[in-house]
Amino acid sequence: LSEYLGEDDYRSGLSRFFDVLFGVPKQGLAKPTSVYVTAGKIYVTLAQSPAVKIIDPQEKKVTTIGASGKIVLRVPTGVVVSASGIIYVTDSALQRVFGFDESGISKIAFGNKDLVRPVGLALNHELQRLYVADGADHAIRVYDRRGGKVFQFGKRARGEGEFNYHTFLTIDRR
């Protein structure tokens, strides 16, 4: 994904898109920090040119959110998408989690009093809970889909259930 430039990469066909994904060096997406795939779309957070790119291979279309508007991302680091279509993004510099709709309109923002440096983000669709890795505070914070804090766990150390500047996380279906 670091080689993908935009919609022009689709002009030479889907094979060009896969060349971009798997080879053929050239300039591209500036420092991708997180990738999430759902419903045939690829969501990529970009740290160097702060934004979220939504790549739709079926429609051969690329949309950018978080680069302009009411909320402008500074250092997006994690992305997940809820079943209802809300695109949740962690921003380390702004110390928040933002929720956007597909057109880039901000729907929710939370965490500025709880989060030191949110980086990773995971979503439990069944419980509708967001798991946020706070790398500088060495904890995982769990929120409901409206941004209400449910609980947290972890502390800085090297033992079981402890963290030391963790960055990303994922959850399984158990």
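Given the structure is predicted, the values throughout are model-derived calculations rather than measurements.

The next subject is the sheet that holds strand 6 (residues 87-91). Strand order in the open sheet formed by four strands is 5-6-7-8, with antiparallel pairing between adjacent strands. Looking along the sheet, the strands with just one partner apiece sit at the ends: strand 5 (76-81) and strand 8 (106-110). Mean inter-strand twist for the sheet, computed between neighbouring axes without regard to direction, equals 20 degrees. Note that strand 6 and strand 7 (residues 96-100) share five bridges and pair antiparallel. Opposite Asp-91, over in strand 7, you have Arg-96 as the bridge partner.

Looking now at the sheet that holds strand 10 (residues 129-134). As summarised here, the arrangement of the four strands in space is 9-10-11-12, forming an open sheet in which the pairing is antiparallel. A single partner strand is all that each edge strand has here, and the edge strands are strand 9 (118-124) and strand 12 (149-153). Geometrically, the sheet is characterised by an average inter-axis angle of 20 degrees between neighbouring strands, direction not taken into account. Two strands pair when backbone bridges link them, and strand 10 and strand 11 (residues 139-144) are joined in this way by six bridges, in the antiparallel orientation. By the bridge assignment, Asp-134 is partnered in strand 11 with Ala-139.

Attention now goes to a nonpolar patch on the surface. Together, Val-150, Phe-151 and Phe-153 give the surface a local cluster of nonpolar side chains, amounting to about 230 Å² of exposed area. Tracing the chain through its elements places Phe-151 in strand 12.

Ile-87 and Tyr-88 are the most contacted members of the largest nonpolar core, which has 25 residues in total. Only strand 3 (51-56), strand 5, strand 6, strand 7, strand 8, strand 9 and strand 10 provide two or more residues apiece to this core. Setting aside anything within four residues of it in sequence, one finds Ile-87 in contact with Tyr-43, Ile-54, Ile-65, Val-79, Val-80, Val-81, Phe-98, Gly-99, Phe-100, Asp-101 and Glu-102.

A word on the pairing of strand 12. Across four bridges, strand 11 lies against strand 12 in antiparallel orientation. Counted as the bridge partner of Val-142 is Phe-151 from strand 12. Linking strand 11 to strand 12, which pair antiparallel, is a turn of four residues; within it Gly-147 sits at a positive phi near 95 degrees.

Summarising burial for strand 7: four of the five residues are buried, a large majority. Hairpin geometry of strand 6 and strand 7 is characterised by an intervening segment of four residues between the two adjacent antiparallel strands and by a positive phi of about 55 degrees at Gln-95. Judged from the four bridges that link them, strand 7 and strand 8 form a sheet pairing that is antiparallel. Note that in strand 8 the partner of Phe-98 across the bridge is Ala-109. What sits between strand 7 and strand 8 in their antiparallel hairpin is a turn of five residues, with Gly-104 showing a positive phi close to 95 degrees.

Take the side chain of Ser-34 next. Mapping Ser-34 onto the fold places it in strand 1 (residues 32-38). Look at Ser-34 and you get buried, because its relative accessible area is 13%. Within the local environment of Ser-34, its side chain forms a polar contact with the backbone nitrogen of Val-79, the two atoms lying 3.4 Å apart. Those residues in contact with Ser-34 that sit more than four places away from it in its chain are Tyr-43, Val-44, Thr-45, Thr-77, Gly-78 and Val-79.

Thresholds applied
Residues numbered from 1 in each chain as written. Predicted model: local features only at pLDDT ≥ 70, side-chain atom pairs only at ≥ 80, totals over all residues. Heavy atoms only, no water. Pairing = 2+ DSSP bridges. Helix = DSSP H or I, 4+ residues; strand = E, 2+ residues; numbered from the N terminus. Axes fitted to C-alpha atoms, helices over the stretch in contact; angles between N-to-C directions. Patch = residues over 30% accessible without salt bridge, like charges linked within 9 Å, V, L, I, M, F, W, Y side chains within 5 Å. Areas by Shrake-Rupley, 256 points an atom, 1.4 Å probe, with all protein chains shown as cover. Salt bridge = Lys/Arg side-chain N within 4 Å of Asp/Glu carboxyl O. Core = buried A, V, L, I, M, F, W, Y, C linked by side-chain atoms within 4.5 Å. Buried < 20%, exposed > 50% of the residue type's maximum accessible area, 1.4 Å probe, protein only. Contact = heavy atoms within 4.5 Å. Polar contact = N/O pair within 3.5 Å; in protein donor to acceptor, adjacent residues only side chain to side chain.

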